[in-house]
Amino acid sequence: MFTKILIANRGEIACRIIRTCQRLGIETVAIYSTVDQEALHVKLADEAYLVGEAPPHDSYLNMGNILDAAQASGAQAIHPGYGFLSENAEFARLCEKSGVCFVGPDPDVIEKMGDKMRSRKLARKAGLPILPGTDNAVANEDASTKAWELGFPLMVKAADGGGGIGIHIIESQEELMPLIERTRQVAESAFGSSRLFLERYLKDASHIEVQLVGDQHGNLVHLYERDCSVQRRNQKLVEETPSSSKLTPDLRRRVCSLAIKLGNSIGYTSTGTVEFLVSADGSVFFLEMNTRLQVEHGVTELVTGLDLVELQLLVASGEKLPISQEDIAVNGHAIEVRAYPEDPETFIPDSGDITDLHQPEGEHIRVDSALCNGYTVGLDYEPLMAKIMAWGEDRNQAIRTLQRALLEFRVEGVKCNVPLLRDILATKEFAAAAHHTGSIPIWIEEFRDRALNKCANGKMPKSGDGQKNDHSNGLENSKREIAAAIGLSLAVALKSAQPLTPPAFSPWRLHGRREQLLSRTLGNRGWQ
């Protein structure tokens, strides 16, 4: 096992990795940019090195500076976390050349699975079912013919994309070329590549992923599945495990065996996730593979009792997996939600300094974050603020525990989406596990209708501290609700009237695309 590692990341995942290293007695080296000098991961680590200015390509994507820090500190390995350089084959090869272990799979495997068209071919070769689609990049002049062959609805995807960016659903021939052009622009901007492919769109499907761990001695196990179907614009919001309400025992065995089949066929040797779409009739289709630690790995840890970061470090150091498939069992149910700094109704991103913070604590509650009072939520990096998780003996208990945790989660100074997350957990579809990848847009419309009806009926909500409003507070809240309702109505009307042109300026989108463009230039993929 390693005695010192460098963590080439920041925020909650850097803190998460450091905590496992502290438990194992491994010294940790943090890296930071000029805006992260006082960040929590820097304070938790044994050593810290400045690697550049705030822009990601100057710091967290600066391979040379990161490797220099590893050499200067004497770190034996580099853990990339997720995002940034975690799926960058070039960086993994540079680590090998520098004599530093890259905590992840073989660079060739990263490269193979990072190309969505190539990964589809590898999955099919391994015997996994894939959705009908194009095997090669689609040129504009061939798009119409290929679309008719596949049938509608279909999806146009960036071949070199990731993180849910560069994906559009096409419902008809009339939408085809405008959306292809839009997707090419997004793909070129975000990933430095305009290669696209077409794939049939599976409506009302569930997004099911299987967690794998493999070592360098031919051992590969799965840690069962996660349901990641609650997504907004292809970005996951809620994840849970197991998926017993959706998958029969036979279907679960099939999905897990398909993941193992693919992992064995490519010689997988780290933590990784094979993602599938599962239809209501039980049909299963390969979606993609992520060759890194997933954001949502914590729910798997809660039900298996295993530390995925520890397993990553063990296999990266050349040790055999200390567990066999027979040793792995699921105990109870776990759910995770992602807290983002955005208005829960309009989804307008927010930034600023956190002036007051209370994160939930207690039995069966886990919060992974790097938040603290005075923390600045800025626009330099990804916007994930915290991951709030809850465990229960069954799914209903886990939901209740998570609902209580979200009521206790309070942050001032920056808006966050926690009220939306509470609303999602309270829907009858989520309670019945009848939700799918298309549920969020339906729920959002329902939430907006409810808010409009509430305004129309003149209802005055309670204030944030639970006390009754006096007349002035009630009048003020009523005015605010009316203004919000008018704003929402205008936003909906404007959205429906907009032509198929690139979306308006968004600071998150601008920075996200800039970061992905710069990282793609270095071979990095987006993350989910």
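All values derive from a computational prediction rather than experimental measurement.

About the criteria used
Residues numbered from 1 in each chain as written. Predicted model: local features only at pLDDT ≥ 70, side-chain atom pairs only at ≥ 80, totals over all residues. Heavy atoms only, no water. Salt bridge = Lys/Arg side-chain N within 4 Å of Asp/Glu carboxyl O. Helix = DSSP H or I, 4+ residues; strand = E, 2+ residues; numbered from the N terminus. Buried < 20%, exposed > 50% of the residue type's maximum accessible area, 1.4 Å probe, protein only. Core = buried A, V, L, I, M, F, W, Y, C linked by side-chain atoms within 4.5 Å. Contact = heavy atoms within 4.5 Å. Phe/Tyr/Trp six-rings, centres within 6.5 Å; stacked < 30°, edge-to-face > 60°. Lys NZ or Arg CZ within 6 Å of the ring centre and 35° of its normal. Arc of directions from axis to C-beta. Polar contact = N/O pair within 3.5 Å; in protein donor to acceptor, adjacent residues only side chain to side chain. Pairing = 2+ DSSP bridges. Axes fitted to C-alpha atoms, helices over the stretch in contact; angles between N-to-C directions. Parallel < 35°, antiparallel > 145°, perpendicular 65-115°, else oblique. Left-handed = near helix turned anticlockwise from the far one by under 90°. Nonpolar A, V, L, I, M, F, W, Y, C, P; charged D, E, K, R; others polar.

Caption draft 1: Spotlight on the pattern of salt bridges. Applying the stated criterion to the full structure yields 31 salt bridges. Note that Glu-199 is salt-bridged to Lys-157, the shortest N-O span being 2.7 Å. With Glu-199 in strand S8 (residues 196-200) and Lys-157 in strand S6 (residues 154-158), this pair connects stretches of sequence that are 42 residues apart. For the pair Glu-199 and Lys-157, one class covers both residues: buried. Across the pair Asp-368 and Arg-366 runs a salt bridge whose closest N-O atoms are separated by 2.9 Å. Across this residue pair, the class does not change: Asp-368 and Arg-366 are buried. When salt bridges with common partners are traced through the structure, they connect Arg-16, Arg-23, Glu-301, Asp-307, Glu-310, Arg-366 and Asp-368 into a single cluster.

Caption draft 2: Spatial organisation of the nonpolar core. Core analysis: the biggest nonpolar cluster contains 95 residues, and Ile-5, Leu-262, Phe-276, Ile-354 and Ile-424 have the highest contact counts within it. No other element matches helix H9 (residues 249-266), which puts eight residues into this core. Apart from residues lying up to four places away in sequence, Phe-276 is in contact with Leu-128, Ser-206, His-207, Ile-208, Val-210, Val-255, Leu-258, Ala-259, Val-284, Phe-285, Phe-286 and Leu-287.

Caption draft 3: Highlighting the packing of aromatic side chains. A full pass over the atoms with the stated rule returns five aromatic pairs. Ring centres 6.1 Å apart and planes at 80° place the aromatic pair Phe-91 and Phe-102 in the edge-to-face group. Here Phe-91 is found in helix H4 (residues 89-98), whereas its partner Phe-102 is found in strand S5 (residues 101-102), with 11 residues between them in sequence. The class for Phe-91 is buried, based on a relative accessible area of 0%. On the basis of relative accessible area, Phe-102 is assigned to the buried category, the value being 7%. Each ring, one from Trp-148 and one from Phe-152, has its centre 5.7 Å from the other, and the planes form 90°; the classification is edge-to-face. Joined through ring pairs, the aromatic side chains of Tyr-60, Phe-84 and Tyr-381 make up one cluster. Against the face of Phe-347 rests Arg-232, its NZ or CZ located 3.7 Å from the ring centre. Directly above the aromatic system of Phe-430 lies the positively charged group of Arg-395, at a separation of 4.6 Å from the ring centroid.

Caption draft 4: Representation of H4. Of all the residues in H4, the buried ones are Ala-89, Phe-91, Ala-92 and Cys-95. The arc that holds every buried residue of H4, seen down its axis, measures 165°, which confines them to one face. Regarding H4, its N-cap is Asn-88, as a side-chain oxygen of that residue lies 3.0 Å from the backbone nitrogen of Glu-90 further along. Downstream of H4 by one or two residues, Gly-99 has phi in the positive range, about 80°.

Caption draft 5: The sheet that holds S6, seen in detail. In spatial order, the strands read S7-S6-S8; together these three strands make up an open sheet with antiparallel pairing. Strand pairing shows two members of the sheet lacking a second neighbour, strand S7 (167-170) and S8, which therefore form its edges. On average, adjacent strands in this sheet sit at an angle of 25° to one another, irrespective of strand direction. As judged from the five bridges shared by S6 and S8, these two strands associate in the antiparallel manner. In the sheet register, Met-155 faces S8, and the bridge partner there is Glu-199. The strands touched by helix H8 (residues 173-191) within the sheet are S6, S7 and S8, with S7 carrying the most contacts at an inclination of about 175°.

Caption draft 6: Here's a closer look at the packing of helix H7 (residues 140-150) against H8. Interaxial distance between H7 and H8 falls to 10 Å at its minimum, and their mutual angle equals 130°. By the criterion of interaxial angle, the relationship of H7 to H8 is oblique. In the crossing of H7 with H8, the sense of the turn from one axis to the other is right-handed. Contact residues: H7 offers Asn-140, Ala-143, Ser-144, Ala-147 and Trp-148, while H8 offers Gln-173, Leu-176, Met-177, Ile-180, Glu-181 and Arg-184. The residue makeup of the contact of H7 with H8, split by class, is six nonpolar, three polar and two charged.

Caption draft 7: Looking closely at the environment of Ile-440. Within the fold, Ile-440 resides in helix H15 (residues 439-456). The sequence separation of Ile-440 and Ser-229 amounts to 211 residues, and the corresponding C-alpha distance is 9.3 Å. Setting aside anything within four residues of it in sequence, one finds Ile-440 in contact with Val-230, Gln-231, Arg-232, Leu-237 and Ile-424.

Note that all results are geometric; they support no functional claim without further evidence.
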